[in-house]
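# Descriptive analysis of the structure
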Amino acid sequence: MKTLASFLTVLIFLVSFSALAQPGSLDGSFGINGKVLKNMDFTGQSVAIQKDGKIVVCGASNGNFGLIRFNTNGSVDSGFGVNGTVTTSFGSDYVEPVGVAIQKDGKIIVAGSIRKWIGYMDIYGFALARYKTNGLLDHSFGDKGKVITANETVDYIRAATLALQADGKILVAGNNISEYFSQVILHRYNTDGANDADFHPDTGFSIYDLMNSIALQSDQKIIGTGFTYVNHTKFHFLLTRFKTDGSLDSAFANAGKNTTGLETGVAVAVLKNDKIAALTDSSSLKQFTRDGVADSLFGKNGKVSVPFKAKAIAAQSNKIIVIGMKNGNFAIARYKLSGKLDNSFGINGIAVANFGGNDEAAAVAIRKQDGKIVTTGSSDTYQLAVARFNGDSNTASVAGNTVITNAHDASKKSLSVNIYPNPFRSTLNIDFISTGKTRKKISVYDMRGSLLYTTSTVGSTRLNLRSLVYGSYLIKVTDENGKELYNGKVIKQ
């Protein structure tokens, strides 16, 4: 019985480590050491996460929509399409996806660009497809699961981005591009794929504007970023907002637009407080108030420089996730609302995934259940690469429906032990309250469960942990009989 009790104690302790995995560390429960490589005929261009945690990745597959779905452990989901993959052809027309999203009912939306050949003329436009949860086309959407919006009166329409409204309607933004001009195209579809007759996008944009990314604020107003040609002289960064009917929102920034800086906006995300984060082609990260004014509390004049080639961003509550490429590896950084890197994440706020080649992350999604971060992109050793990083979960699921609650944060007092300050820089104070004069053992572990430091004391003490690198650690305190008095997380900054 004693042996069984000891085994269970060790098991529970190890589970708590798993639940408290260092934010930004690769998730060892996914693929091989947090990574999956697949030799596919497409690379990961967009990613979405289902409610059950399964991961859908899409890309351009020889002129078709290509999709693959992974189980939560990183294995390919054989119940999706054919052996886990789906290829959707639009006949002789060439299509290229730009986004994938999961509807509330679990159905999967993919949007992209299409080039149609009609006689001797090329016609360009938007293409959409909707899939059932098993990967089959949903014939209740559009024409047997597909929608094409093309117009032979315009030059070269290319889709750029996709977003789902709270009511299920589908937004696709793109651009009409020619040798001499570019113009924003914004389109909304009803849930059945039909054009939304109540949506009238503003035509007040100049013929030198371009939209690369859109996101939705809590009131469903549409935030977009790209570039604009100011005074017919130089291209400027563009951040704009549309009302829910598609009209330009004049209450946003300067008559609906913020056009500061000689950059191009490539990605935009809306934070939990409706502040706006935007990424530029020069790897600058900008933050704005909900109404489009540069946030003076973020970095320097609302802007910071990302220390790697950045490609995409996502909101993780009120923190900003940036992904891209650093030294030939997937790179991911997490920023606070102040514009400072979050030192509790990865190493000094940055984490990497090395697939062994010239690797570049292209898209990112956040798993709502536990804050885990999924990135996809390409590696030159394999075509498609996916990595999953640990987030800031308060719970972790194990053994089906069993839920283990994380050890509490050390900044909160227990009934018998008080540990402070948290976060700390070099020393950590440990005060004992009503624990008597028994000797206590104090152990410090990294988030993999490796013992780094141990000491014993009768009364309150101070630990010198200057030698530890920045990150999260677990403190465990037991009395002389092995009874646990404390088990909590601390952060070194």
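This report concerns the structure included in the present document. (Residues numbered from 1 in each chain as written. Predicted model: local features only at pLDDT ≥ 70, side-chain atom pairs only at ≥ 80, totals over all residues. Heavy atoms only, no water.)

Further remarks concern the overall build of the chain. Along the backbone of the chain there are one helix and 37 strands. Residue burial in the chain is summarised as follows: out of 493 residues, 52% are buried. Put simply, the chain shows about 22,100 Å² of open surface, and 51% of that area lies on carbon and sulfur atoms. (Helix = DSSP H or I, 4+ residues; strand = E, 2+ residues; numbered from the N terminus. Buried < 20%, exposed > 50% of the residue type's maximum accessible area, 1.4 Å probe, protein only. Areas by Shrake-Rupley, 256 points an atom, 1.4 Å probe, with all protein chains shown as cover.)

A few words now on the sheet that holds strand 11 (residues 170-177). Spatially, 10-11-12 is the arrangement adopted by the three strands of the open sheet, whose pairing is antiparallel. Taken across any chain shown, the strands that pair with only one partner, and hence form the sheet edges, are strand 10 (157-164) and strand 12 (182-189). Across the sheet, the axes of successive neighbouring strands diverge by a mean angle of 20°, strand direction being ignored. As paired elements, strand 10 and strand 11 share seven bridges and run antiparallel to each other. Directly across from Leu164, in strand 11, lies its bridge partner Ile170. (Pairing = 2+ DSSP bridges. Axes fitted to C-alpha atoms, helices over the stretch in contact; angles between N-to-C directions.)

Once that is clear, we can look at the pairing of strand 8 (residues 121-131). Burial analysis of strand 8 places nine of its 11 residues in the buried class, which makes it a mostly covered element. Where strand 7 (residues 108-118) lies against strand 8, 11 bridges are found, and the strand directions are antiparallel. Bridge pairing in strand 8 links Ser113 to Phe126. Bridge analysis of strand 8 against strand 9 (residues 146-150) gives five bridges, and the strand direction is antiparallel. What sits directly across from Leu128, in strand 9, is Val147.

Let us look at the packing of aromatic side chains. Scanning all chains against the criterion turns up three aromatic pairs. Look at Phe65 and Phe90: their rings are 5.3 Å apart centre to centre, the planes differ by 65°, and that puts the pair in the edge-to-face class. Separated by 25 residues along the polypeptide, Phe65 in strand 4 (residues 64-70) and Phe90 in the loop between strand 5 (85-88) and strand 6 (94-102) bring together distant segments of the chain. Classification of Phe65 by relative accessible area gives buried; the value is 0%. (Phe/Tyr/Trp six-rings, centres within 6.5 Å; stacked < 30°, edge-to-face > 60°.)

Moving on, we come to the pattern of salt bridges. Any two side chains of opposite charge can pair, given that their charged atoms come close. Under the definition given, this model contains 26 salt bridges. Through salt bridges with shared partners, one network takes in Asp219, Lys221, Arg241, Asp249, Asp274, Arg290 and Asp291. (Salt bridge = Lys/Arg side-chain N within 4 Å of Asp/Glu carboxyl O.)

With that settled, the discussion passes to unusual backbone geometry. Cis peptide bonds are those with omega within 30 degrees of zero, and the linkage from Tyr420 to Pro421 qualifies with -5°. By secondary structure assignment, the location of Pro421 is in the loop between strand 31 (417-420) and strand 32 (427-432). For the bond running from Asn422 to Pro423, omega is 5°, close enough to zero to count as cis. One non-glycine residue, Ala255, lies in the positive phi region at around 55°. You can see Ala255 is positioned in the loop between strand 15 (234-242) and strand 16 (257-258). Even without being a glycine, Asn301 presents a positive backbone phi close to 55°. By the secondary structure assignment, Asn301 is in the loop between strand 19 (284-288) and strand 20 (303-305).

A word on the environment of Arg462. Mapped onto the elements, Arg462 comes out in strand 35 (residues 461-464). Here the alpha-carbon distance between Arg462 and Ile419, two residues 43 residues apart in the chain, equals 9.5 Å. Those residues in contact with Arg462 that lie beyond four places of it in its chain are Thr427, Leu428 and Asn429. A polar side-chain atom of Arg462 sits 2.9 Å from a polar atom in the side chain of Asn429. (Contact = heavy atoms within 4.5 Å. Polar contact = N/O pair within 3.5 Å; in protein donor to acceptor, adjacent residues only side chain to side chain.)

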